[in-house]
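Architecture and fold: a report
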Amino acid sequence: MSSKVTSLVFTFPLFTYAIELVKDFIVSMMRTSPIPKHIGLIMDGNRRYAKSKDMELKDGHNAGADSLIQVLNTCYKLGILHVTVYAFSIENFNRSKEEVDTLFALLRDRLKFISEKEESYARFNNIRIKIIGNRTMIPSDILKDLEDIEERTKHVSSAKVLNVCFPYTSRDDIVHSIQSIAEKVESKEIESNQHITLETLTNNMYMGPNTPPLDILIRTSGHTRLSDFMLWQCNYNCMIEFVDTLWPEFRSWDIMSIIIKWSYYRTLQLEQQRIMSNKKREDQKAMTDILKELPPHPPFASITQH
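Residues numbered from 1 in each chain as written. Predicted model: local features only at pLDDT ≥ 70, side-chain atom pairs only at ≥ 80, totals over all residues. Heavy atoms only, no water.

**Overview of the environment of Pro36**
You can see Pro36 is positioned in the loop between α2 (13–30) and β1 (38–42). Using a relative accessible area of 1% as the deciding quantity, one classes Pro36 as buried. Once the C-alpha coordinates of Pro36 and Ile216 are considered, the two residues, 180 residues apart in sequence, prove to be 7.4 Å apart. The residues touching Pro36, leaving out its near neighbours within four places in the chain, are Ile80, Asp215, Ile216, Ile259 and Trp262. (Helix = DSSP H or I, 4+ residues; strand = E, 2+ residues; numbered from the N terminus. Buried < 20%, exposed > 50% of the residue type's maximum accessible area, 1.4 Å probe, protein only. Contact = heavy atoms within 4.5 Å.)

**As for the domain arrangement of the chain**
Domain boundaries assigned for the chain yield domain 1 (33–168 + 213–269) and domain 2 (170–205). Here the C-alpha centroids of domain 1 and domain 2 sit 27 Å apart. Listed by partner, the interface residues are 10 residues for domain 1 and nine residues for domain 2. When domain 1 packs against domain 2, close to 790 Å² is buried across both sides, 49% of that on carbon and sulfur atoms. Of all residues in domain 1, Tyr168, Asp228 and Trp232 bury the most surface against domain 2, accounting for 70% of the area lost on that side. Residue Arg171 pairs with Asp228 through a salt bridge whose shortest N-O separation is 2.5 Å. Put simply, domain 1 and domain 2 have eight residue pairs in polar contact (both at pLDDT 80 or more) between them. (Domains from an automatic or database assignment. Buried area = accessible area lost by both parts, 1.4 Å probe. Salt bridge = Lys/Arg side-chain N within 4 Å of Asp/Glu carboxyl O. Polar contact = N/O pair within 3.5 Å; in protein donor to acceptor, adjacent residues only side chain to side chain.)

**Digging into the packing of helix α4 (residues 57–78) against helix α5 (residues 97–113)**
Contact geometry of α4 with α5 gives a least axis separation of 11 Å together with a crossing angle of 35°. In this structure, α4 meets α5 at a crossing whose hand is right-handed. Facing Leu57, Lys58, His61, Asn62, Ala65 and Asp66 of α4, the residues of α5 in contact are Glu99, Thr102, Leu103, Leu106 and Arg110. When grouped by side-chain class, the residues that make up the contact of α4 with α5 number four nonpolar, three polar and four charged. (Axes fitted to C-alpha atoms, helices over the stretch in contact; angles between N-to-C directions. Left-handed = near helix turned anticlockwise from the far one by under 90°. Nonpolar A, V, L, I, M, F, W, Y, C, P; charged D, E, K, R; others polar.)

**Some words on unusual backbone geometry**
A cis geometry characterises the amide bond from Phe166 onward to Pro167, with omega recorded as -20°. Tracing the backbone through its elements, the reader meets Pro167 in the loop between β4 (160–165) and α8 (170–186). For Ser221, which is not a glycine, the phi torsion comes out positive at approximately 85°. Positionally, Ser221 belongs in the loop between β5 (216–219) and β6 (239–242). Notably, Asp228 is not glycine yet its phi reads approximately 60°, a positive angle. Tracing the backbone through its elements, the reader meets Asp228 in the loop between β5 and β6.

**Details of the environment of Asp101**
For Asp101, the position within the fold is in helix α5. The sequence separation of Asp101 and Pro139 amounts to 38 residues, and the corresponding C-alpha distance is 9.8 Å.

**Focus on the sheet that holds strand β2 (residues 82–86)**
Two orientations exist for strands paired in a sheet by backbone hydrogen bonds: parallel and antiparallel. Read across the sheet, six strands follow the order β3-β4-β2-β1-β5-β6 without closing on themselves; strand pairing throughout is parallel. Two strands close off the open sheet at either side, each with one partner strand: β3 (127–132) and β6. Neighbour-to-neighbour, the strand axes of this sheet turn through a mean angle of 15°, independent of strand direction. Pairing analysis gives six bridges linking β3 to β4, with the strands arranged parallel. Along β4, the bridge assignment pairs Ile129 with Leu162. (Pairing = 2+ DSSP bridges.)

**Overview of α4**
Compared with an ideal rise of 1.5 Å per residue, which puts 22 residues at 32 Å, α4 spans 32 Å between its outermost C-alpha atoms and is within 8% of the ideal. Phi turns positive one or two residues past the end of α4, at Gly79, with a value near 100°. (Expected span 1.5 Å × (residues − 1).)

**What about the pattern of salt bridges?**
With the rule as written, the count across this model stands at 15 salt bridges. Salt bridges here are not isolated pairs; linked through shared partners, they connect Asp44, Arg48 and Arg219.

**Notes on the packing of aromatic side chains**
Counted under the stated rule, the structure contains 10 aromatic pairs. On the basis of an interplanar angle of 85° and a centroid distance of 6.0 Å, the ring pair of Tyr86 and Tyr168 is categorised as edge-to-face. Taken together, the residues span a long stretch of sequence, with Tyr86 in strand β2 and Tyr168 in the loop between β4 and α8 at a distance of 82 residues. Here Tyr86 and Tyr168 have matching classes, each one buried. On the basis of an interplanar angle of 15° and a centroid distance of 4.4 Å, the ring pair of Tyr86 and Phe229 is categorised as stacked. Taken together, the positions of Tyr86 in strand β2 and Phe229 in the loop between β5 and β6 put the pair 143 residues apart, joining distant regions of the chain. Judged on exposure class, the residue Tyr86 and its partner Phe229 are both buried. Cluster of aromatic residues (ring-pair linked, three or more members): Phe88, Phe93, Phe104 and Phe166. (Phe/Tyr/Trp six-rings, centres within 6.5 Å; stacked < 30°, edge-to-face > 60°.)

**Some words on the nonpolar core**
Inside soluble globular proteins, nonpolar side chains tend to come together where they are buried. Grouped together as the largest cluster of nonpolar side chains are 45 residues, with contacts concentrated most on Ile39, Leu41, Leu111, Val164, Phe166, Ile218 and Ile255. A total of six residues in this core trace back to one element, the largest contributor, which is α4. Residues within four places of Ile218 in sequence aside, it is in contact with Ile39, Gly40, Leu41, Ile42, Glu241, Val243, Phe250, Ile255 and Ile258. Residues Tyr86, Ile132, Tyr206 and Phe229 belong to the second largest nonpolar core, which totals 13 residues. (Core = buried A, V, L, I, M, F, W, Y, C linked by side-chain atoms within 4.5 Å.)

Listed below in structure tokens is the structure:
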């Protein structure tokens with residue numbers, strides 16, 4: 001009985017409005033602190049959520065899609081312009097054909113729903129959708145729909161981007177980069193092997209050169225593994241957060257708490273850099289002052305002088 005009353009209270013319009021006001025206030029406060037530029041999401045737990053609720057699998061994935069909208073709203077309000085989601089791993093092809101077909105169709109239909117009409121979520125909020133991954137593995141009918149979605153959102157005026165990794169693994173991403181670089185060396189677009197750098201590899205990944213480094217990588221559902229997702233991108237200065245919550249139950253409050261934690265440590269890092277920079281300047285000034293206090297050097301003389 002009490003759970004029904006609680007559920008009723010949470011759906012009451014005035015209560016919902018008050019909650020949104022509180023969220024907007026917290027967001028405005030958070031925007032005064034460092035904000036990540038790029039967040040990656042491993043949205044795990046849809047199947048377990050469906051099983052725990054006696055739902056069909058597709059209903060679990062639909063619930064996960066609703067959670068994604070909430071998280072995107074929060075990220076874009078905060079000014080996080082790049083969000084990357086792990087929609088389908090290449091390893092998922094090992095699942096039953098029925099489930100793979102269901103996942104493909106659900107992804108295609110959900111992306112069409114949020115981007116197809118002028119008033120749709122992506123177009124209303126000026127979000128560019130990019131498909132990231134090995135397109136040769138996508139059935140031609142699904143691929144055509146996905147490329148239409150990309151084209152519809154390609155020329156938006158905003159810098160907000162939703163990268164949908166589908167189908168994707170980090171190892172395949174790295175192989176793709178190496179193959180692209182080899183072709184460019186062969187065509188002399190890259191002068192020689194000696195001109196290949198870490199930046200070259202990064203720029204030739206599926207995401208291309210215009211995506212900022214990954215600041216936070218989040219995995220839900222309690223598993224503490226990366227499942228071959230963005231291994232190259234999360235290797236440096238990236239906070240990795242494993243959350244016990246199943247993805248369909250992951251909400252704005254959850255993403256906000258993680259970003260607050262990141263912002264706190266980022267503030268400490270920036271302060272440490274500031275202190276070190278000031279100390280370096282002080283040391284240089286002290287050395288300059290010491291040199292000024294030295295007696296003048298003796299007059300120059302030449303051994304050729306008589």
